[in-house]
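Letter by letter, the chains look like this.
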Amino acid sequence: MFNSVPLLPSRTRVICDPARAVRRIRGLTMNKVTAETLNELLGIPELIVIEYGFEELDNEMIVHIICKHRYDVAVCPRCGEVSAALHESEMRCVRHLDIWGKMTFLHFPSRRFDCDQCKKPFTETLPWIEKQRRQSSAFERHIYQRCQQTSKSAVAQSEHLHFKTVLTIFNRWAKRAEGCHHRPLLRRLGVDEISLKKGHKQYALVLSELDRCCVIAVLPERTQKVFAQWLDDLSVVERFAIQVVAMDMWRPYRDVVQVKLPQAQIVADRFHVMKQLNDRLSQVRRNLQRNADEQTRQALKGTRWLLVKNRADLTADEETRLQAALDASPTLRQAYLLKETFHTICERISDREQAARFLTAWIWQAESSGISQLCKFANTLRNWWTEFLNYFHDRVTSGIVEGLNNAIRYVIRRACGYHVFEHFRLQVLVEHGGLNPSH
């Protein structure tokens, strides 16, 4: 699993340092300024720059570039015939990439031609701008890429655009990238939910590919029906390619996978299992602290994180405080030692059969302790016995899924929440699903 995690980028030389650029320029072949210079810098071969001018508006400098078409003919989109019969022409203005840090507008004739073959007029198709758009494709790609790193409102403000314009550009490019995206066969699937709005019980179901460490789908609900429908939409080959499904201990997910993916091995995520045990230990501490005398209560006060923290990670001061709390309550000491034993089994054992023997003994100790919270956890472990033992086969966890969920939470915070689920879905897929803009 760890071989599939992308490596950190290697350290490279700084190529934009002006001092180094002075030395690098000596070996370059330089071009003289000619009439074609502005055309080359503009980067649109179909246009020829005629003139340009500057305009100051609201303390912002704007560059206006007047262009003409390089060719006097156009290709009919219906029959493919070349036509030079101009039907009508009017000036059109579109936003282009900034030049010298200034907003740039291109002015050029929008032409319609008469087709001799179809006997109908047609509007010229331009490769550098999409139909009925007010921004060039290069500028829209620039907006799309900026929205992957910052909020759309910030992009709209810095680029002097309306928020809806930025939103429309991003959604169109994201949907296009999603439609063109080719995903290899999914073999290890991670299933988890994420809260869309804290305290409102609004959850989305996040499906991730563990091998490539990316999100493959964001579903609007965490219900069985929605999850089952997504699996039904996969082809037969795609469904049978899934060999492992990692999830938390929520029965509806398991029921769906058992029906839709009978060949897949279900793995109960080890960290979710450990979290449940830690929660049970916290319940033991709270009950003891609530009913204890003043001296014991003071010893147990403030030990919540000391009890659930790994013993090896404790500082000397934390170890002393923890030992005082365990000395004050034999019941808490017994529960804590069982928690540490369970953690050691998960860390040290890598053989499935050996883990089954150790966990069977651990369940017997937990139930013999008479601590009701640990008995409840032991019962949960029995209900997920096969799924948890599958963890010891390849030690597959949902750690990658949890990391992606943290990144998704940052997406939500950066946008201060999402009112439209589709906008949220596309943003997550673009940033963490590997969607690239089509060129």
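Analysis parameters
Residues numbered from 1 in each chain as written. Predicted model: local features only at pLDDT ≥ 70, side-chain atom pairs only at ≥ 80, totals over all residues. Heavy atoms only, no water. Pairing = 2+ DSSP bridges. Helix = DSSP H or I, 4+ residues; strand = E, 2+ residues; numbered from the N terminus. Axes fitted to C-alpha atoms, helices over the stretch in contact; angles between N-to-C directions. Contact = heavy atoms within 4.5 Å. Buried < 20%, exposed > 50% of the residue type's maximum accessible area, 1.4 Å probe, protein only. Expected span 1.5 Å × (residues − 1). Disulfide = S-S within 2.5 Å. 1 Å grid on protein atoms, 1.4 Å probe; cavity = no way out; pocket = protein on both sides within 12 Å on 5 of 7 lines; lining within 4 Å. Points joined across faces, edges and corners; volume = space filled by probe spheres on them. Nonpolar A, V, L, I, M, F, W, Y, C, P; charged D, E, K, R; others polar. Arc of directions from axis to C-beta. Polar contact = N/O pair within 3.5 Å; in protein donor to acceptor, adjacent residues only side chain to side chain.

Student: How should the sheet that holds strand S10 (residues 214–219) be read in this particular structure?
Tutor: To summarise the sheet geometry, strands pair through backbone hydrogen bonds and adopt either a parallel or an antiparallel arrangement. The strand order across the open sheet built from five strands is S10-S9-S8-S11-S12, with neighbouring strands paired in mixed fashion. Every other strand in the sheet has two partners, leaving S10 and strand S12 (265–268) as the edge strands with one partner each. The average angle at which neighbouring strand axes cross in this sheet is 30°, direction not considered. Across the sheet, helix H8 (residues 251–260) is in contact with strand S8 (188–197), strand S9 (202–209), strand S11 (244–247) and S12; its angle to S11 comes to roughly 170°.

Student: For this particular structure, what's the right way to read the side chain of Ser398?
Tutor: Note on placement: Ser398 falls in the loop between helix H17 (391–394) and helix H18 (399–414). Residue class for Ser398 comes out buried when judged on its relative accessible area of 1%. Leave out the neighbours within four places in its chain, and Ser398 touches Ala246, Met247 and Asp269.

Student: Explain helix H9 (residues 270–291) to me, please; I cannot follow it from the model alone.
Tutor: Every α-helix carries 3.6 residues per turn, so stepping three or four residues along brings you back to the same face. Between its first and last C-alpha, H9 extends 32 Å over 22 residues, near the 32 Å set by a 1.5 Å rise per residue. For H9, the full list of buried residues reads Arg270, His272, Val273, Met274, Leu277, Asn278, Arg280, Leu281, Ser282, Val284, Arg285 and Gln289.

Student: What's the story with the state of the cysteines in this structure? I'm lost.
Tutor: Working definition: the covalent bond between the sulfur atoms of two cysteines is a disulfide. Here the structure, examined in full by the defined rule, presents zero disulfides. Distance from the sulfur of Cys67, which forms no disulfide, to the nearest cysteine sulfur (Cys93) is 10 Å. Here Cys214 is not disulfide-linked; the sulfur of Cys213 is the nearest cysteine sulfur, at 7.7 Å.

Student: Explain the layout of surface pockets to me, please; I cannot follow it from the model alone.
Tutor: To find leftover empty space, a probe the size of one water molecule is rolled over the atoms. When its volume is computed, the largest pocket comes out at roughly 470 Å³. In terms of lining, the largest pocket is formed by 18 residues, of which the most central are Arg92, Ser110, Thr123, Glu124 and Lys131. Counting residues per element, the ones that place at least two in the lining of the largest pocket are strand S5 (85–99) and strand S6 (102–114). Looking at which element gives the most residues to the lining of the largest pocket, the answer is S5, with five residues. When grouped by side-chain class, the residues that make up the lining of the largest pocket number five nonpolar, five polar and eight charged. Considered as a void within the structure, the second largest pocket measures approximately 400 Å³ in volume. Along the wall of the second largest pocket there are 18 residues; nearest its centre are Glu178, Arg183, Ile216, Ala217 and Trp230. For the lining of the second largest pocket, the secondary structure elements donating two or more residues are S10, helix H6 (224–233) and helix H19 (421–432). Looking at the lining of the second largest pocket, the element that brings in the most residues is S10, giving five residues. Here the residues of the lining of the second largest pocket sort into 10 nonpolar, three polar and five charged.

Student: I would appreciate a short explanation of unusual backbone geometry in the present structure.
Tutor: Most of the time, phi is negative for any residue but glycine, and the peptide bond is trans. For Arg395, which is not glycine, the phi dihedral falls at a positive 55°. Position of Arg395 among the secondary structure elements: in the loop between H17 and H18. What makes Arg395 partly exposed here is its relative accessible area of 26%. The backbone phi angle of Cys416 is positive, close to 55°, even though this residue is not glycine. Structurally, the position occupied by Cys416 is in the loop between H18 and H19.

Student: Which parts of the structure should I look at to understand helix H14 (residues 352–368)?
Tutor: If you check H14, its first and last C-alpha atoms are 24 Å apart, about what 17 residues at 1.5 Å a residue would give, namely 24 Å. For H14, the full list of buried residues reads Ala355, Ala356, Leu359, Trp362, Ile363 and Ala366. Considered in projection along H14, the buried side chains sweep an arc of 130° and stay on one side of the axis. In this structure, H14 carries Glu353, Arg357 and Trp364 as exposed residues pointing more than 90 degrees from its buried face. Lining the buried residues of H14 we find H9, helix H13 (330–348), helix H15 (372–383), helix H16 (385–389) and H17. Among the residues of H14, the N-terminal cap falls to Asp351, whose side-chain oxygen and the backbone nitrogen of Glu353 are separated by 3.2 Å. Downstream of H14 by one or two residues, Gly370 has phi in the positive range, about 80°.

Read these as layout, nothing more, since geometry by itself doesn't imply function.
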